[in-house]
Amino acid sequence: MSSADPEHREEDEAPAPADDEDTGAQVAPIVKLEEVAVTTGEEDEDVILDLKSKLYRFDKDGNQWKERGAGTVKFLKHKATGKVRLLMRQSKTLKICANHLILATMSVQEHAGNDKSCVWHARDFADGELKDELFCIRFPSVENCKSFMETFQEVAESQKKEEGEEGSAAAGLLEKLSVEEKTDAKKKDEKSEEKESKTQQETKADAEKEGEEPASSA
């Protein structure tokens, strides 16, 4: 018989049944993993600006710029306090490269010879302790660098205004407390004078009473 017989060929080529054929049985997992909520510390803040960039810090010992990381730089405004901080994380590891408040005394300026970069000083907390740092940040475009600098300066100005308002409010509160203290002191003095006057009057009356001679009997 010819080996070209279709039936014979199908029998020869028919696959053997698999040992691990799916029976449809449901197997429950041995360990059930609970869903864990991940917090970033940014939940109470609003994003003002979000740009891709590369950050450098100036190494004073080596007298040279060293790369800090490439990722996303953000300006974050706290919903309750109104304070704004600069936060940058590396794109892959999410490690913090920079983390500091934007203060009224801070300023940013274009890096000499590069209109895509700018520099500023800050008291940074990225390493878990406050350090005086000189940062340089570089953007893919001139437009992004300008946006960063403009936002930085606007935030610094707004913090200056808020600090002025806080100072005025504090001065007003101190003045109010001072007035209240003076009023209380005046009231105490008046009460003390009134009490002293009353005591003197009583003493005088007692003295006059003691000075009277008793009527002689007939």
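Residues numbered from 1 in each chain as written. Predicted model: local features only at pLDDT ≥ 70, side-chain atom pairs only at ≥ 80, totals over all residues. Heavy atoms only, no water.

Under an unreviewed UniProt entry, the protein chain has the name RanBD1 domain-containing protein and belongs to Arachis hypogaea.

Student: Quick question: what am I supposed to make of the sheet that holds strand β1 (residues 45-59) here?
Tutor: Backbone hydrogen bonds are what pair the strands of a sheet, in a parallel or an antiparallel way. Pairing is antiparallel across the open sheet formed by 7 strands, whose spatial order is β4-β3-β2-β1-β7-β6-β5. Across the chains shown, the open sheet's two edge strands, defined by having one partner strand only, are β4 (96-101) and β5 (108-110). Each neighbouring strand pair of the sheet contributes to a mean axis angle of 30°, computed without reference to strand direction. Where β5 and strand β6 (residues 117-124) come together, 3 bridges link them in antiparallel fashion. In the sheet register, Val-108 faces β6, and the bridge partner there is Trp-120. (Pairing = 2+ DSSP bridges. Helix = DSSP H or I, 4+ residues; strand = E, 2+ residues; numbered from the N terminus. Axes fitted to C-alpha atoms, helices over the stretch in contact; angles between N-to-C directions.)

Student: Help me out: how do you make sense of the nonpolar core in this one?
Tutor: One broad trend across soluble globular proteins is that nonpolar side chains are buried collectively. In terms of nonpolar packing, the biggest core is built from 25 residues, with Leu-86, Ile-102, Trp-120, Ile-137, Phe-148 and Phe-152 touching the most fellow members. Counting residues per element, this core draws most heavily on helix α2 (residues 142-211), which supplies 6 residues. Leave out the neighbours within four places in its chain, and Phe-152 touches Phe-75, Leu-86, Ile-102, Met-106, Ser-107, Val-108 and Trp-120. (Core = buried A, V, L, I, M, F, W, Y, C linked by side-chain atoms within 4.5 Å. Buried < 20%, exposed > 50% of the residue type's maximum accessible area, 1.4 Å probe, protein only. Contact = heavy atoms within 4.5 Å.)

Student: What is the right way to look at the environment of Leu-49 in this model?
Tutor: Relative to the helices and strands, Leu-49 resides in strand β1. Residue class for Leu-49 comes out buried when judged on its relative accessible area of 15%. With residues near it in sequence (within four places) discarded, Leu-49 still touches Val-73, Lys-74, Phe-75, Ser-147, Phe-148 and Thr-151.

Student: I would appreciate a short explanation of the pattern of salt bridges in the present structure.
Tutor: Any two side chains of opposite charge can pair, given that their charged atoms come close. Enumeration over the complete set of coordinates arrives at 9 salt bridges. Glu-42 serves as the salt-bridge partner of Lys-74, at 3.3 Å between the closest nitrogen and oxygen. Placement of Lys-74 in strand β2 (residues 64-78) and of Glu-42 in the loop between α1 (6-13) and β1 is noted, with a sequence separation of 32 residues between them. Between Asp-127 and Lys-131 there is a salt bridge, and its shortest N-O distance comes to 3.2 Å. Its relative accessible area of 42% is what places Asp-127 among the partly exposed residues. When its relative accessible area of 31% is taken as the criterion, Lys-131 is described as partly exposed. The network of salt bridges with shared partners includes Glu-42, Lys-74 and Arg-89. (Salt bridge = Lys/Arg side-chain N within 4 Å of Asp/Glu carboxyl O.)

Student: Help me out: how do you make sense of the state of the cysteines in this one?
Tutor: The bond known as a disulfide is covalent and runs between the sulfur atoms of two cysteines. Tallying each qualifying case throughout the model produces 0 disulfides. Note on Cys-118: no disulfide assigned, nearest cysteine sulfur contributed by Cys-145 at a separation of 4.2 Å. Cys-118 supplies the cysteine sulfur nearest to Cys-136, a cysteine that is in no disulfide, at a spacing of 7.1 Å. Exposure remark for Cys-136: the relative accessible area of 6% places this residue in the buried category. (Disulfide = S-S within 2.5 Å.)

Student: Can you help me understand the packing of aromatic side chains in this one?
Tutor: Working definition: an aromatic ring pair is given by the centre-to-centre distance plus the angle between the planes. The final tally for this structure, using the stated rule, is 8 aromatic pairs. On the basis of an interplanar angle of 85° and a centroid distance of 6.1 Å, the ring pair of Phe-75 and Phe-152 is categorised as edge-to-face. Of this pair, Phe-75 sits in strand β2 while Phe-152 sits in helix α2, and the two are 77 residues apart along the sequence. Aromatic side chains Phe-139 and Phe-148 sit 5.3 Å apart centroid to centroid with 45° between the ring planes, which places their arrangement in the tilted category. Comparing Phe-139 with Phe-148 shows no difference in burial state: the two are buried. Every member of this aromatic cluster is reached through a ring pair, and the members are Phe-75, Trp-120, Phe-135, Phe-139, Phe-148 and Phe-152. (Phe/Tyr/Trp six-rings, centres within 6.5 Å; stacked < 30°, edge-to-face > 60°.)

Student: Is there a simple way to think about the side chain of Asn-99 in this case?
Tutor: One can find Asn-99 in strand β4. Residue classification places Asn-99 among the buried residues on the basis of a relative accessible area of 15%. Those residues in contact with Asn-99 that sit more than four places away from it in its chain are Arg-85, Leu-86, Leu-87, Asp-124, Phe-125 and Ala-126.

Student: Help me understand the side chain of Ser-53 in this model?
Tutor: Mapped onto the secondary structure, Ser-53 falls in strand β1. Residues in contact with Ser-53, not counting those within four places in the same chain, are Gly-69, Ala-70, Gly-71, Val-73, Met-88, Ile-137, Arg-138 and Phe-139.

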